[in-house]
Amino acid sequence: MAPVKDKAAAKTIATNRAARHEYFVVEALETGIELKGTEVKSLRAGGVNLKDSWVDIDGGELIVKGMHITPYDHGNIFNADPMRPRRLLAHKGEIRRLGQQCKLQGYTLVPLSLYFKHGRVKVELGLCKGKKLYDKRADAAARDAKRSIDRALKSNGRYD
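This is a predicted model, so every value here is computed, not measured.

Caption draft 1: Geometry of the overall build of the chain. For the chain, the helix and strand inventory stands at four helices and nine strands. Going from the N terminus to the C terminus, the chain shows its helices and strands as β-α-β-α-β-β-β-β-β-α-β-β-α. Dimensions of the chain along its principal axes, counting C-alpha atoms only, are 60 × 45 × 30 Å. By residue count, 35% of the 160 residues in the chain fall in the buried class. Looking at the chain as shown, the accessible area adds up to about 10,100 Å², and 52% of this sits on carbon and sulfur atoms. With 31 positive and 19 negative side-chain charges, the chain shows a separation of 2 Å between the mean positions of the two kinds.

The structure is reproduced here in structure tokens:
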């Protein structure tokens with residue numbers, strides 16, 4: 001699948017902010033997701049949590065686990081289980097390549113965001129490498145330094 005380029009036509013449902021804190025995102029790609037019944041209506045209402053979700057490769061299929069989609073309020077007995085594993089839709093060659101990257105180089109597949117694109121639900125999937133504690137500290141220090149530089153420039157009346 002191609003990386004996400006056309007974000008203008010996409011309406012973001014949820015983002016996994018913890019993933020960018022915990023991992024270096026090596027590559028991001030767009031996949032579809034297989035949903036049942038009222039799950040799409042629940043997504044339109046914003047009832048999803050990506051925080052502790054991850055993606056496994058089982059039998060040549062991408063399966064997202066740990067993603068919580070709240071049951072639809074006006075649904076019926078056919079509401080799906082909120083924590084059920086959901087299949088991601090990608091080409092076989094792409095799945096095979098991602099599986100090799102995960103096995104050989106120790107990468108992890110993490111859903112980064114969920115959004116509507118032309119009426120269909122898409123998942124931005126990240127091929128990620130875990131950050132060490134010192135990496136997280138360096139990111140926090142760089143963010144604080146940038147914030148203090150911006151504050152100093154703003155107080156001097158310059159907006160560069």
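Caption draft 2: Local environment of the pattern of salt bridges. Scanning the model with the defined rule gives 13 salt bridges in all. Across the pair Arg97 and Glu94 runs a salt bridge, and its minimum N-O distance is 2.5 Å. Here Arg97 and its partner Glu94 are both found in helix 3 (residues 92-105), three residues apart, which amounts to about one turn of the helix. Across the salt bridge formed by Lys131 and Asp139, the nearest N and O atoms sit 2.3 Å from each other. Look at Asp139 and you get partly exposed, because its relative accessible area is 30%. Members of the salt-bridge network, linked through shared partners, are Glu27, Glu94 and Arg97.

Caption draft 3: Spatial organisation of helix 3. Across its 14 residues, helix 3 extends 20 Å between first and last C-alpha, which sits within 8% of the 20 Å expected from 1.5 Å per residue. Here helix 3 has its buried residues at Glu94, Ile95, Leu98 and Gly99. Along the long axis of helix 3, the arc covered by the buried residues comes to 135°, so they all point the same way. Facing away from the buried side of helix 3 by more than 90 degrees, the exposed set consists of Lys92, Arg96, Lys103 and Leu104. Buried positions along helix 3 lie against strand 2 (23-33), strand 4 (54-58), strand 5 (61-65), strand 8 (108-117) and strand 9 (120-130). Phi turns positive, to about 75°, at Gly106, one or two residues after helix 3.

Caption draft 4: Broad picture of the side chain of Lys131. The residue Lys131 is located in the loop between strand 9 and helix 4 (133-155) in this model. A distance of 2.3 Å separates a polar atom in the side chain of Lys131 from a polar atom in the side chain of Asp139.

Cut-off values and rules
Residues numbered from 1 in each chain as written. Predicted model: local features only at pLDDT ≥ 70, side-chain atom pairs only at ≥ 80, totals over all residues. Heavy atoms only, no water. Helix = DSSP H or I, 4+ residues; strand = E, 2+ residues; numbered from the N terminus. Buried < 20%, exposed > 50% of the residue type's maximum accessible area, 1.4 Å probe, protein only. Areas by Shrake-Rupley, 256 points an atom, 1.4 Å probe, with all protein chains shown as cover. Lys, Arg positive; Asp, Glu negative; His and termini not counted. Charge placed at Lys NZ, Arg CZ, Asp CG, Glu CD. Salt bridge = Lys/Arg side-chain N within 4 Å of Asp/Glu carboxyl O. Expected span 1.5 Å × (residues − 1). Arc of directions from axis to C-beta. Contact = heavy atoms within 4.5 Å. Polar contact = N/O pair within 3.5 Å; in protein donor to acceptor, adjacent residues only side chain to side chain.

Distances and angles like these do not, on their own, reveal function.
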